[in-house]
Amino acid sequence: MRDTLAAELSQVVADPARVLTAPAVLDRLSHDFYWYSPILRPRLVDKTGEVAGQTGSVDEVLAVMRVAGKHEIPITTRGAGTGNYGQCVPLEGGIVLDLSLMDKLEEITPDGVAICEPGMRLGVLETEARKRGWELRMYPSTLVKATVGGFLAGGSGGIGSVTHGGLRDFDTVRGIEVVTMENEPRVVMHQGDAVHEILHAWGTNGILTRIWFALAPAVEWTQFTAAFDTYDQAFTFAESIAVDPSWCKRLVTVFEWPIPSFFTPVKQVVREGKAIVLLMIATSQLEQLRVALASAGGQETFCGAYDGPRTQPLLSDYTWNHTTLWAMKADPAYTYLQCGFSATECRRQFRLLRERYGTEILFHIEFMKNGMSEVVPGAIPVVRFTTEERLNDMIAYCRSIGVFVANPHVNYLEDGGRFRADNIQLRAKQRYDPRGLLNPGKMISFQKEPVTR
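The rules behind each value
- Residues numbered from 1 in each chain as written.
- Predicted model: local features only at pLDDT ≥ 70, side-chain atom pairs only at ≥ 80, totals over all residues.
- Heavy atoms only, no water.
- Helix = DSSP H or I, 4+ residues; strand = E, 2+ residues; numbered from the N terminus.
- Rg over C-alpha atoms; globule rule 2.2 N^0.38 Å.
- Buried < 20%, exposed > 50% of the residue type's maximum accessible area, 1.4 Å probe, protein only.
- Salt bridge = Lys/Arg side-chain N within 4 Å of Asp/Glu carboxyl O.
- Arc of directions from axis to C-beta.
- Contact = heavy atoms within 4.5 Å.
- Axes fitted to C-alpha atoms, helices over the stretch in contact; angles between N-to-C directions.
- Parallel < 35°, antiparallel > 145°, perpendicular 65-115°, else oblique.
- Left-handed = near helix turned anticlockwise from the far one by under 90°.
- Pairing = 2+ DSSP bridges.
- 1 Å grid on protein atoms, 1.4 Å probe; cavity = no way out; pocket = protein on both sides within 12 Å on 5 of 7 lines; lining within 4 Å.
- Points joined across faces, edges and corners; volume = space filled by probe spheres on them.
- Nonpolar A, V, L, I, M, F, W, Y, C, P; charged D, E, K, R; others polar.
- Polar contact = N/O pair within 3.5 Å; in protein donor to acceptor, adjacent residues only side chain to side chain.
- Disulfide = S-S within 2.5 Å.
- Core = buried A, V, L, I, M, F, W, Y, C linked by side-chain atoms within 4.5 Å.

K.L.:
How should the overall build of the protein be read in this particular structure?
P.N.:
A tally of helices and strands in the protein yields 13 helices and 21 strands. Rg of the C-alpha trace for the protein: 22 Å, near the compact-globule value of 22 Å for 453 residues, within the 12% margin. Each principal axis of the C-alpha distribution contributes one length, and for the protein these read about 75 × 50 × 40 Å. Here the protein, with 453 residues, has 60% of them falling under the buried criterion.

K.L.:
Quick question: what am I supposed to make of the pattern of salt bridges here?
P.N.:
Enumeration over the complete set of coordinates arrives at 29 salt bridges. Of the charged contacts in the structure, one is a salt bridge between Arg250 and Glu135, with a shortest N-O distance of 3.8 Å. Taken together, the residues Arg250 in strand S12 (residues 249-255) and Glu135 in strand S7 (residues 134-136) connect sequence positions 115 residues apart. Pair check on accessibility: Arg250 and Glu135 agree, each one buried. Residues joined by salt bridges that share partners form a network here, namely Glu126, Arg130, Glu135 and Arg250.

K.L.:
Is there a simple way to explain helix H1 (residues 2-10) in this structure?
P.N.:
Note that an α-helix has 3.6 residues per turn; residues three or four places apart therefore point the same way. Among the residues of H1, those classed as buried are Leu5, Ala6 and Leu9. Down the axis, H1 shows its buried residues gathered within 100° of arc, on one side only. For H1, the exposed residues lying more than 90 degrees away from the buried face are Asp3 and Thr4. On its buried face, H1 is in contact with strand S1 (19-20), strand S2 (51-54), helix H4 (58-71) and strand S4 (95-98).

K.L.:
Before we go on, may I ask you to explain the packing of helix H11 (residues 346-357) against helix H12 (residues 388-400) in this structure?
P.N.:
Relative placement of two packed helices is described by the angle separating their axes and the distance separating the axes. Direction vectors running N to C along H11 and H12 enclose 155°, while the axes themselves pass 11 Å from each other. When the axis of H11 is compared with that of H12, the two are roughly antiparallel. Relative to H12, the crossing made by H11 is right-handed. Between H11 and H12, the contacting residues are Leu352, Leu353, Arg356 and Tyr357 on the first element and Arg390, Asp393, Met394, Tyr397 and Cys398 on the second.

K.L.:
Quick question: what am I supposed to make of the pairing of strand S3 (residues 75-78) here?
P.N.:
It is a general feature of regular strands that their side chains alternate between the two faces of the sheet. By the alternation rule, side chains of S3 split into Ile75 and Thr77 and Thr76 and Arg78, which are all buried. Two strands pair when backbone bridges link them, and S3 and S4 are joined in this way by four bridges, in the parallel orientation. Bridge pairing links Thr76 to Val96 in S4.

K.L.:
Quick question: what am I supposed to make of the sheet that holds S1 here?
P.N.:
Taken in spatial order, the four strands make up an open sheet running S1-S2-S4-S3, and their pairing is mixed. Only two strands of the sheet have a single neighbouring strand rather than two, namely S1 and S3. Contacts from H4 reach S2, S3 and S4, with the element oriented near 175° to S4.

K.L.:
Just checking my understanding: could you explain the pairing of strand S13 (residues 275-282) for this structure?
P.N.:
The buried fraction of S13 amounts to eight of the eight residues, a majority that puts the element mostly inside the structure. In this sheet, S13 lies alongside strand S11 (residues 221-228) in antiparallel orientation, the contact comprising eight bridges. Bridging across to S13, Phe228 finds its partner in Ala275. Pairing analysis gives six bridges linking S12 to S13, with the strands arranged antiparallel.

K.L.:
Sorry, what's going on with empty space enclosed by the protein here?
P.N.:
In this approach, a probe sized like a water molecule rolls over the atoms, and the result shows the empty space that is left. Tallied over the full model, the rule gives two cavities of 30 Å³ or more. Lining the largest cavity are Thr225, Phe255, Phe263, Val266, Val269, Ile276, Leu278, Leu315 and Tyr318. A breakdown of the residues in the lining of the largest cavity according to their chemical character gives eight nonpolar, one polar and no charged. Space inside the second largest cavity adds up to approximately 30 Å³. What lines the second largest cavity is simply Val383, Arg384, Phe385, Thr386, Thr387, Arg390, Leu391 and Met394. The element contributing the most residues to the lining of the second largest cavity is H12, with three residues. Partitioned by chemical class, the residues of the lining of the second largest cavity number four nonpolar, two polar and two charged.

K.L.:
In this structure, what is going on with the side chain of Glu360? I would like to understand it.
P.N.:
Secondary-structure assignment places Glu360 in the loop between H11 and strand S17 (361-362). Judged by its relative accessible area of 17%, Glu360 falls in the buried class. Of the polar contacts made by the side chain of Glu360, one reaches the side chain of Arg390; its length is 2.5 Å. Ignoring sequence-local partners within four residues, the contact set of Glu360 consists of Val382, Val383, Arg384, Arg390 and Met394.

K.L.:
I'm lost on the state of the cysteines in this one. Help?
P.N.:
What is meant by a disulfide is a covalent connection between two cysteines, made through their sulfur atoms. Following the criterion strictly, the structure yields zero disulfides and no others. A disulfide-free cysteine, Cys88 has its sulfur positioned 19 Å from the sulfur of Cys116, the nearest such atom. Of all cysteine sulfurs in the structure, the one in Cys339 sits closest to Cys346, which takes part in no disulfide; the separation is 13 Å. The buried category is assigned to Cys346, whose relative accessible area is 1%.

K.L.:
Even after reading the chapter, I still don't get the environment of Cys88, so can you show me in this structure?
P.N.:
Here Cys88 shows up in the loop between S3 and S4. It is 18 Å that separates the C-alpha atoms of Cys88 and Arg18, two residues lying 70 residues apart in sequence. With residues up to four places along the chain from it excluded, the contact list for Cys88 reads Leu29, Ser30, His31, Asp32, Thr76, Thr77, Arg78, Gly81 and Lys442.

K.L.:
Where do I start with the nonpolar core in this structure?
P.N.:
Soluble globular proteins: nonpolar side chains tend toward being buried together. The biggest cluster of nonpolar side chains holds 63 residues, and the ones touching the most others in it are Val148, Leu152, Ile176 and Phe213. Setting aside its immediate chain neighbours within four residues, Ile176 contacts Leu152, Val188, Met189, His190, Val195, Ile198, Leu208, Arg210, Ile211 and Trp212. Residues Val254, Val277, Phe341 and Val375 belong to the second largest nonpolar core, which totals 45 residues.

K.L.:
Any chance you could explain the sheet that holds strand S20 (residues 382-384) here in plain terms?
P.N.:
Strand pairs in the sheet, formed through backbone hydrogen bonds, run parallel or antiparallel to each other. Ordered by their spatial adjacency, three strands build an open sheet running S15-S20-S17, and the pairing between neighbours is antiparallel. Taken across any chain shown, the strands that pair with only one partner, and hence form the sheet edges, are strand S15 (334-336) and S17. Direction of pairing for S15 relative to S20: antiparallel, over a ladder of three bridges. Bridging from a neighbouring strand, Tyr336 pairs with Val382 of S20. Those strands touched by helix H10 (residues 322-330) are S15 and S20, and its axis lies near 165° from that of S15.

Take a look at the structure:
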């Protein structure tokens, strides 16, 4: 079947060399960073597609979809593969659709909207936007590698979210064109609220092929780190910056010790035994920040300009879920959770978690604005893994004390934390993929249409 499928796909893409069947290539294109989870690692390691196709245009995507639909073959879409939930791992084989070659920036409009293809790298878009007086509103710590389409399909926020919220907020995603898996695939435009049918659905209900992505006016940023004797002091200082709208900030991150000890390439910013706050602050506010830091009892440990994605050191490489990667390099027993703490009850929640779990959980806070313009302490705590039961107990206890958890140790949308309560993603799948051929097994509330004879 693989050879027959590859031969048929070779007839519908311009270059047959973009139809791939080599086992090593298929293995690479069938996986992402699912191995961050000790639960997903054994479940997904052997899952691969039968053939991979690299499309270069919307017409080629449509043609591949027709082939898959004719033979009832699953399609799993991927970008750069920087996700952590196994979003792009094909559970039922079939075709892996690689959109990384569809990477054109069509234009940046005068009002700051980037119109681009899904394979455009976020780092490239940030660089191009800054040349024209704009910048990304938010981006993941995988800025250099991640694609715009992958971010919209599998991400939720990142650096910049403390000011601009997440991908679902404040009209950041202005529009998307999506190829459907109907009997006759078609391109459907989504604008305004309709984009939420498709955002963060892991390619289960449509294939992103064109994106309208709102930018922000570019700011001259400074990277800044400060050390504090205690986590509580560090958190209080960071919170004061994060929630005060007079500060122009792109990143406000807090790490309790020993997390900073994991960041060996930037050990110059770390102080033994101390909590660290990492900021991106407007350069124009740098001296004001130093005054506030002195008043809070912190110590400046680094200050350097941000000159785009190639800045060295790029301190955002140690924030968001890159923090987990550095922890795992230090000790493979570490994994992570994705949490949201209460803006008003977080200190009580910190205390309860520390009392119950000790240093099994290490606090790593990423402040972010929600859709109601409230700045809240999001978190990607580093967790020492022992057993699946213990990890599930931690998740259940977090939820019992009011801590939101997007469970990164499951491979389906409904418990991944971004599934819409109004089920519009599910309804879109029922409409656009009634046979359940797009990334099957990842939206478990979906039921295929009954076969009529």
